[in-house]
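# Report on the structure
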Amino acid sequence: MKPVVELKNLSKTIGSKKIIDSLNLSLYPGQITGFLGPNGAGKTTTIRMMVGLMKQTGGDVIIEGISLRDNFEEGLSKVGVIVENPEMYKFMSGYKNLVHFARMHKGVTKERIDEVIRQVGMQNRIHEKVGTYSLGMRQRLGLAQALLHRPKFLILDEPTNGLDPAGIREFRQYLRQIAETEGVSVFVSSHMLSEIELMCDRIAVIQNGKLIDIREMSETKESYYYIEATPLEKVKELLVNEGLAVEVFKNGFLVNAEQQQIPGIIRSFIAEGLEVFAVQPHKKTLEDEFLEMTGGGQIAESYAK
Amino acid sequence: MLNLMRNEWMKLWHKKGTWVMVAILIVITAGMMALMKWISIQDSNFDNGSGLSVEVQAESIPDWHEGVQGDLASIQTRLADDSLTKSERKKLEGEEKVAEYRLANNIEPEDHFSREGMIKQPADIGGTVLLLTVIVAAGIVASEFSQGTIKMLLTRPVKRWKILTSKFLTVNLFGILLMVIGYIVYILLAMILFKSGTGQDLVWNGKEVVEASVWGQSLYMLLLSFGSVFVTSTFAFAVGSVFRSSSLAIGLSLFIYFTGTTISAMLSKYEVAKYLLFTHMDLTQFETGMMLVEDITMPFSLTVLAVYIVVFLVISYSTFVKRDVTA
C-alpha cells in the first residue's frame, strides 16, 4: 500500500538541543495510527511540523508525494487538522466559523458545509455564537472544520480532551467510520492510553525525540501468565530452567509462556513440593507496554526483551 | 487573497468593538463641530458685545483692509531679507500677489468659520481615525494569538505572507472607511451649522491670482491627514505582529503620535531631525505652513516615510513568516 504521509528524517533542533531526531514514519490510508510518548518527548513538536506551525530544521514531510517544504499549499490542502482544543472565533456563529475556514480551501461549496454540519450533528445550533457552545459542541465544530475539504489525512492532537465518555465513544466511532469509508489516514496523539488502545490500528511511540517503536495493535499479543508460589527463589530457578523470561510482579512472577507449557510447569512445581497459590493468564495493557517501553514509572527489573 | 480579506472583514465587523468605534468617531466628530460652532458664536458675541455702538461697527467693517495691509507690509519686510531660501521666497511672493490683488479688487478674505472655511480643513478627523485604526491594527494579528485561533488560521493551505497581507490591507481599508465616515459627518455638519461666507480664498498659481477650489482643497487635506493614519497604523501593525501584544502596540503607537512632534521640535536644530519619522508624519504641515523642521519638502517627507514603512513591514513579515507557533 502506498503511504499517504511519510516523515523522512524529520528533525528539529532548537539551539543546540535536538528536540526531534531523524524521525521516519509512514502512515497508510484507512488506518488509524496512535502517537504516544511521555510529556516532552516531542509529540506536539512533530505534529506542528507536519501541519506547518513549525519549520523543520532537517528532513521533510511528504503528503501524497508532495513535499511540504517545496509546495506547502498543495501539500497541506490534503490535510485536516485539530490541534488540541479547537479554538474558534467566539464572537461569530459556528456557521460563520465554518464559512471562514472554507474560504481558505479551494472548492468547498455551501452544500459541502451543510453536509459536514449534518455529519457532526450540529444542525440545531450551528447559527448560535460559538461562545455559547459547550466543550463537546466545540469539539464537534473542530472536527467539522477539519473535514470540510475532504482531507486524505487527518491529524489530531489530543482530540478527546474534555469530552464526556459518550462523546469520546461517538468520536471514536466517527473516526473509524471516515477512516474506513473514505480511506482517510488518521494520526492521533493522546495521553489517554486506553483511548488509543480502543481507537487505533497501529501505534508509534516516541521518546526523547526518537521513534522507539511502531507496532500493529492487531498483532497477536504475546501471552503472559501470572504465577504465585513459594518459595520464590525456587520458583524463579525452575522457571528459568524451563527457558522462560521471568519478571517480578506483585507477590509472584510474570512469565512469557504459551498455554500448552502451563500444565508442565505446574506439574514440576508440585513435584518439587512448591506451594502454588495462583496461575492465571495475564493481559498486558497498552499502559504496561508503554511504561515498559519508555521506562517510566516503577517497573521492576525486566528480564524480558 | 480576496477571500482572505473577506474573512478578515467579516471577523472585524462581528466584533462589537468595531461598531462602537464607528459610533465614537461620529460622536467625536459631531462634538468637535459643535465646539467650533460654539467658539464662533462666542467670537461674534465678543465683537458685538464689546460696547461698540452700531455706528462704530459700521465703520469697523472695512477692518479686513487694514488686516491685509498689515500682512502685506510684513510680507514685504520679510522679502527684503536675503537669507530666504528659494521655496520660502516663492511662497511669500505668492502671498504678496494675493494680498495686492485683494486690495486692488476689494475682495474680502475668507472667514475661518464660514462654511467654505470649515470644509477646507477636515484634517481634524484624522486624529480620531488614527486612534481607532491603531487599535484595530494592533489587535488584528495579536488577537489571533491571544484567542488561540492562530493555530486554526495557519494550518491551512495558504502561505503565511498571504494571510499577513490580507490583514494589513484590511487594516488600511478600515482606516479609509473611517476617514470617509468621519468626512461625511464632518461635511454634513459643516453644511448645517455654518453659513456660507462672503469672502473668497485666493491663491497665486504662478501666473495669476485665482480662487481656491473648496472641494479640491478639502479632499487634498483629507488625503494628507490620512498620511499619519497610514504610518501610525502600519507601525502598530508591525509591533502587534512581532510582539503579539496589542496593548504594547497601541501604547507605543500613541506614545509616538503624541510625543513625536515634541521630540522633533527639540531636535529641529540638528540635521538628524530631518530623518526622524515624527518630523514627517503630519503631511498637512506643508499646507498649514506649521513646519516642524524647516527646509523639508513634500517629496523628501514622502521618501523618508516610505523608507520607514518598508522597514516596519519587512520586520513584520519576516518575523511572522518564520515564527514557530507554539501557543
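Residues numbered from 1 in each chain as written. Chains lettered and ligands numbered in written order. Predicted model: local features only at pLDDT ≥ 70, side-chain atom pairs only at ≥ 80, totals over all residues. Heavy atoms only, no water.

### Section: the layout of surface pockets
All names here are of chain B. In plain terms, the rule: A cavity here means a set of points on a 1 Å grid, drawn over the protein atoms and nothing else, where a 1.4 Å probe fits but cannot get out; a pocket is an open set with protein on both sides within 12 Å along at least five of seven lines, and a residue lines either one if it has an atom within 4 Å of a point. Grid points are joined across faces, edges and corners, and a volume is the space filled by probe spheres set on the points. Per the convention used, a helix needs a DSSP run of H or I reaching at least four residues, while a strand needs a run of E reaching at least two, with both numbered from the N terminus.
One number sums up the size of the largest pocket: a volume of about 2,000 Å³. Along the wall of the largest pocket there are 43 residues; nearest its centre are Lys-91, Glu-95, Phe-286, Glu-287 and Gly-289. Every element with two or more residues in the lining of the largest pocket is listed here: α4 (63–79), α5 (86–105), β1 (202–204), α10 (214–243) and α13 (285–288). The leading source of residues in the lining of the largest pocket is α5, at eleven residues.

### Let's talk about the interface of chain B and chain A
Where we set the bar: Here, residues are in contact when the closest pair of their heavy atoms is within 4.5 Å. By definition, the buried area sums, over both parts, the 1.4 Å-probe accessible area that each loses when the two are put together. We count a salt bridge whenever a side-chain nitrogen from Lys or Arg sits within 4 Å of a carboxyl oxygen from Asp or Glu. Under this definition, polar contacts are N or O atom pairs within 3.5 Å; protein pairs additionally need one hydrogen-donor-capable and one acceptor-capable atom, and for neighbouring residues in sequence, both atoms have to be side-chain atoms. Basically, the charged four are Asp, Glu, Lys and Arg, the nonpolar ten are Ala, Val, Leu, Ile, Met, Phe, Trp, Tyr, Cys and Pro, and anything else, Gly included, counts as polar.
In this complex, chain B contributes 30 residues to the contact, which on the side of chain A involves 29 residues. Interface of chain B and chain A: buried area, both sides summed, is about 3,000 Å²; carbon and sulfur atoms make up 57% of it. Contact with chain A buries area across many residues of chain B, yet Met-152, Arg-156 and Pro-157 of chain B alone supply 24% of it, more than any other trio. Linking Lys-162 of chain B and Glu-73 of chain A is a salt bridge whose minimum nitrogen-to-oxygen distance equals 2.9 Å. The interface formed by chain B and chain A holds 17 residue pairs in polar contact (both at pLDDT 80 or more) in total. Secondary-structure elements contributing two or more residues to the side of chain B that touches chain A are α1 (2–13), α7 (125–147), α8 (150–154) and α9 (160–193) of chain B. If you tally residues by element for the side of chain B that touches chain A, the top one is α1 of chain B, at six residues. For the side of chain B that touches chain A, the residue count by class is eleven nonpolar, eight polar and eleven charged.

### Looking at the packing of aromatic side chains
We apply this condition: Ring pairs shown here join Phe, Tyr and Trp side chains whose ring centres sit within 6.5 Å, with only the six-membered ring taken for Trp; geometry is labelled stacked below 30 degrees between planes, edge-to-face above 60, and tilted in between. Burial classes: relative accessible area under 20% of the type maximum marks a residue as buried, over 50% as exposed, and values in between as partly exposed (1.4 Å probe, protein chains only).
On inspection of all chains with the given rule, the structure shows twelve aromatic pairs over all chains. When the ring of Tyr-89 of chain A is compared with that of Phe-101 of chain A, the centres are 6.2 Å apart and the planes differ by 25°; the resulting orientation is stacked. Taken together, the residues span a long stretch of sequence, with Tyr-89 of chain A in the loop between β6 (79–83) and α3 (94–102) and Phe-101 of chain A in helix α3 at a distance of twelve residues. You'll find Tyr-89 of chain A and Phe-101 of chain A in the same group, each marked buried. Judged by centre distance (5.9 Å) and plane angle (70°), the rings of Tyr-275 of chain B and Phe-300 of chain B are edge-to-face. Taken together, the residues span a long stretch of sequence, with Tyr-275 of chain B in the loop between α11 (246–267) and α12 (277–281) and Phe-300 of chain B in helix α14 (residues 298–322) at a distance of 25 residues.

### Digging into the UniProt feature "transmembrane region" (unreviewed entry) in chain B
Residue and element names in this part refer to chain B. This is how the line gets drawn: UniProt positions are given in the numbering used here, feature names are shortened, and annotations may be inferred rather than shown by experiment.
When the UniProt feature table is mapped to this numbering, "transmembrane region" (unreviewed entry) covers residues 20–39, 125–147, 168–194, 214–240, 247–267 and 300–321. Secondary structure across residues 214–240 divides into 100% helix and 0% strand, with the first and last C-alpha atoms of the span separated by 39 Å. Taken end to end, residues 247–267 has its terminal C-alpha atoms 29 Å apart, with 100% of it in helix and 0% in strand.

### With respect to a nonpolar patch on the surface
Heads up, the condition is: In this analysis, a patch consists of residues with relative accessible area above 30% that form no salt bridge, clustered at 9 Å for like charges and at 5 Å for the nonpolar side chains Val, Leu, Ile, Met, Phe, Trp and Tyr. The method behind every accessible area is Shrake-Rupley, applied with a 1.4 Å probe, and residues are considered shielded solely by the protein chains displayed.
Taken together, the side chains of Ile-176, Val-180, Ile-184, Leu-188, Met-191, Ile-192 and Trp-215 of chain B define a hydrophobic patch exposed on the protein surface, amounting to about 660 Å² of accessible area. The element best represented in the nonpolar patch is α9 of chain B, accounting for six residues.

### Some thoughts on the pattern of salt bridges
Residues and elements named next belong to chain A. Across all of its chains, the model carries 17 salt bridges over all chains by this definition. Residue Glu-115 is joined to Arg-150 by a salt bridge in which the shortest nitrogen-to-oxygen separation is 3.6 Å. Separated by 35 residues along the polypeptide, Glu-115 in helix α4 (residues 110–119) and Arg-150 in the loop between α5 (135–147) and β7 (153–157) bring together distant segments of the chain. Given the relative accessible area of 27%, Glu-115 is considered partly exposed.

### Overview of empty space enclosed by the protein
Residue and element names in this part refer to chain A. A full pass over the atoms with the stated rule returns one cavity of 30 Å³ or more. Space inside the largest cavity adds up to approximately 60 Å³. At the level of elements, α4 and α6 (165–182) are the ones that each hand at least two residues to the lining of the largest cavity. Across the lining of the largest cavity, the residue classes break down as five nonpolar, one polar and three charged.

### With respect to the packing of α7 of chain B against α10 of chain B
Residue and element names in this part refer to chain B. For the record, the criterion: Here an angle of 0 to 180 degrees is reported between the N-to-C directions of two axes, which are lines fitted to C-alpha atoms, with helices fitted over the stretch in contact. Angles below 35 degrees are treated as roughly parallel, those above 145 as roughly antiparallel, those between 65 and 115 as roughly perpendicular, and all remaining angles as oblique. By definition, turning the near helix anticlockwise from the far helix through less than a right angle yields a left-handed crossing, and turning it clockwise yields a right-handed one.
Direction vectors running N to C along α7 and α10 enclose 25°, while the axes themselves pass 8 Å from each other. Taken as axis vectors, α7 and α10 run roughly parallel relative to one another. Our pair here, α7 against α10, has a crossing hand that is right-handed. Counted together, Ile-125, Gly-126, Val-129, Leu-130, Thr-133, Val-134, Ala-137, Ala-138, Ile-140, Val-141 and Ala-142 of α7 and Leu-222, Ser-225, Ser-228, Val-229, Thr-232, Ser-233, Ala-236, Phe-237, Gly-240 and Ser-241 of α10 form the full contact between these two elements. Grouping the constituent residues of the contact of α7 with α10 by class yields 13 nonpolar, eight polar and no charged.

### Regarding unusual backbone geometry
All names here are of chain A. Omega for the peptide link from Thr-230 to Pro-231 comes to -10°, which places this bond in the cis form. Positionally, Pro-231 belongs in the loop between β11 (224–230) and α8 (232–241). For Glu-64, which is not glycine, the phi dihedral falls at a positive 45°. Following the sequence through the fold, Glu-64 ends up in the loop between β4 (58–63) and β5 (66–67). On the accessibility criterion, Glu-64 (31% relative accessible area) is partly exposed.

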